[in-house]
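What the coordinates show
The primary structure of each chain is shown beneath.
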Amino acid sequence: MLTSEDYLNGQVLLIDKPLKWSSFQAVNKLKYALINQLGLPKKFKIGHAGTLDPLASGLLIVCTGKFTKNISEIQGQAKEYTGTFFIGATTPSYDLETIIDQTFPTDHIDDALIHEAVTHFLGEIDQKPPVFSAIKKDGKRLYEHARAGEEVVIEARKTTIYEFEITRIALPEIDFRVKCSKGTYIRSLAFDFGKALQSGAHLTALRRTKIGAYQVENAIDVTLFEETINASGFSKSSPT
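Residues numbered from 1 in each chain as written. Predicted model: local features only at pLDDT ≥ 70, side-chain atom pairs only at ≥ 80, totals over all residues. Heavy atoms only, no water.

1. As for the overall build of the chain
- A count of helices and strands for the chain gives seven helices and 14 strands.
- The buried share of the chain, reckoned over its 240 residues, is 46%.
- Expressed as a percentage of contacts within the chain between residues at least 6 apart in sequence, the contacts between residues at least 24 apart total 71%.
- In the structure as shown, the chain presents an accessible area of about 12200 Å², 50% of it carried by carbon and sulfur atoms. (Helix = DSSP H or I, 4+ residues; strand = E, 2+ residues; numbered from the N terminus. Buried < 20%, exposed > 50% of the residue type's maximum accessible area, 1.4 Å probe, protein only. Contact = heavy atoms within 4.5 Å. Areas by Shrake-Rupley, 256 points an atom, 1.4 Å probe, with all protein chains shown as cover.)

2. As for the confidence of the model for the chain
- In this model, the chain carries a mean pLDDT of 89, and residues with pLDDT of at least 70 account for 87%.
- Here residues 234-240 is modelled with pLDDT under 50, and outside its nearest four sequence neighbours on either side it reaches 20 contacts, counting other chains as well. (pLDDT = per-residue confidence, 0-100.)

3. Focus: the side chain of Thr68
- As for its position among the elements, Thr68 is in the loop between strand E3 (57-64) and helix H3 (71-75).
- Within the structure, the side chain of Thr68 is placed 2.8 Å from the backbone oxygen of Gly65, a separation counted as a polar contact.
- Non-local contacts of Thr68, meaning those with residues more than four positions away in its chain, are made with Lys45, Ile46, Gly47 and Cys63. (Polar contact = N/O pair within 3.5 Å; in protein donor to acceptor, adjacent residues only side chain to side chain.)

4. A closer look at the pattern of salt bridges
- Using the criterion set out here, one finds nine salt bridges in the structure.
- Here Asp16 and Arg207 are joined by a salt bridge, their closest N and O atoms 2.8 Å apart. Remark: Arg207 occurs in strand E12 (residues 201-211) and Asp16 occurs in strand E1 (residues 11-17); sequence separation between them is 191 residues.
- Of the residues examined, Arg207 reaches a relative accessible area of 26% and is grouped as partly exposed.
- The network of salt bridges with common partners includes Glu80, Glu163, Glu165 and Arg177. (Salt bridge = Lys/Arg side-chain N within 4 Å of Asp/Glu carboxyl O.)

5. Looking at unusual backbone geometry
- At the junction of Leu171 and Pro172, the peptide bond is cis and its omega measures out at 15 degrees in the coordinates.
- Tracing the sequence through the fold places Pro172 in the loop between strand E10 (157-170) and strand E11 (173-180).
- Phi is positive for Tyr94, close to 70 degrees, though the residue is something other than glycine.
- Here Tyr94 lies in the loop between strand E5 (89-90) and strand E6 (102-103).
- When its relative accessible area of 16% is taken as the criterion, Tyr94 is described as buried.
- The phi dihedral of Gln198 falls on the positive side, at around 55 degrees, and the residue is not glycine.
- Its place among the elements puts Gln198 in the loop between helix H6 (186-196) and E12.

6. So, the environment of Leu60
- Relative to the elements of secondary structure, Leu60 occurs in strand E3.
- Looking at Leu60, the relative accessible area reads 0%, which means it is buried.
- Leu60 sits 45 residues away from Ile15 along the chain, and the two C-alpha atoms are 5.1 Å apart.
- Contacts of Leu60, omitting those with residues within four sequence positions, involve Leu13, Leu14, Ile15, Lys17, Ser23, Ala26, His48, Gly50 and Arg208.

7. So, H6
- With eight of eleven residues buried, H6 is to be regarded as a mostly interior element.
- Turning to H6, its buried residues number three or more, namely Ile186, Arg187, Ser188, Leu189, Ala190, Asp192, Phe193 and Gly194.
- Contacts from the buried residues of H6 go to strand E4 (79-87), helix H4 (111-118), strand E7 (123-127), E10, E11 and E12.
- Positioned one or two residues after H6, Gln198 has a phi angle of 55 degrees, which is positive.

8. Regarding the side chain of Ser181
- The topology assignment puts Ser181 in the loop between E11 and H6.
- Among the polar contacts made by the side chain of Ser181, one reaches the side chain of Thr159 at a distance of 3.1 Å.
- Ignoring any residue separated from it by four or fewer positions in sequence, one finds Ser181 in contact with Thr159, Thr160 and Tyr162.

9. What about the nonpolar core?
- Ranked by internal contacts, the top residues of the largest apolar core, which has 27 residues, are Phe85, Phe164, Phe176, Phe193 and Leu197.
- Secondary structure elements with two or more residues in this core: E4, H4, E10, E11, H6 and E12.
- When sequence neighbours within four positions are dropped, the list of residues in contact with Phe85 reads Phe164, Pro172, Glu173, Ile174, Phe176, Ile186, Leu189, Ala190, Phe193, His202 and Leu203. (Core = buried A, V, L, I, M, F, W, Y, C linked by side-chain atoms within 4.5 Å.)

10. A short note on the packing of helix H2 (residues 23-38) against helix H7 (residues 222-230)
- For the pair H2 and H7, interaxial distance at closest approach is 9 Å and the crossing angle is 5 degrees. One element, H2, and the other, H7, form an angle in the roughly parallel class. Where H2 approaches H7, its residues Ala26, Lys29, Leu30, Ala33, Leu34, Gln37 and Leu38 are matched on the opposing element by Val222, Phe225, Glu226, Ile229 and Asn230.
- Among the residues making up the contact of H2 with H7, the classes are represented as eight nonpolar, two polar and two charged. (Axes fitted to C-alpha atoms, helices over the stretch in contact; angles between N-to-C directions. Parallel < 35°, antiparallel > 145°, perpendicular 65-115°, else oblique. Nonpolar A, V, L, I, M, F, W, Y, C, P; charged D, E, K, R; others polar.)

Okay, structure coming up:
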């Protein structure tokens, strides 16, 4: 079992973030479990290497102590996701955070068109982040503009899709696996993929499975981590 000194010296924790939890909530859960059970100082360093939306589950890398200086390096590594597109409808947020705003025909879509559309997204692409995202414009988060009903011009950004595999076709659902660079929005990929099918689409499920060589198979659930720490029996006295 790791000691308080181990966490201060630095650890990379692989966490399987539950659905509907924010990344901030997950980190706070870990932080206060360590503070309360191991006696770590309230201001000890802890942070995650790449946000996962509340409607996404999967790999969240959390660094503690001296290893927080490695966060930027980890964030820059390629990421892999699996998930589901719903074809024939769009939402303002490009996922299930908001309700369907438009519907589109799907009768013309077949397996050949789906696999042909995939080829348009391989390599370096231009991608516009969703308006419901945390990117700042004019001093406010984009989602703040969106929720206030304000229209903003969003500039496209360069991103890279290394691998894009369709794993199941059961229209209106399409399952996929994507390996991509830092800064890629899978919600935007869903929206753009729908347009490539001469239809519409939004994201209904998303799971991050890898960041670089780190894999979700080696991750631990947040609640289980907390239970393990609480059962460790370490003293709550301050670390030396």
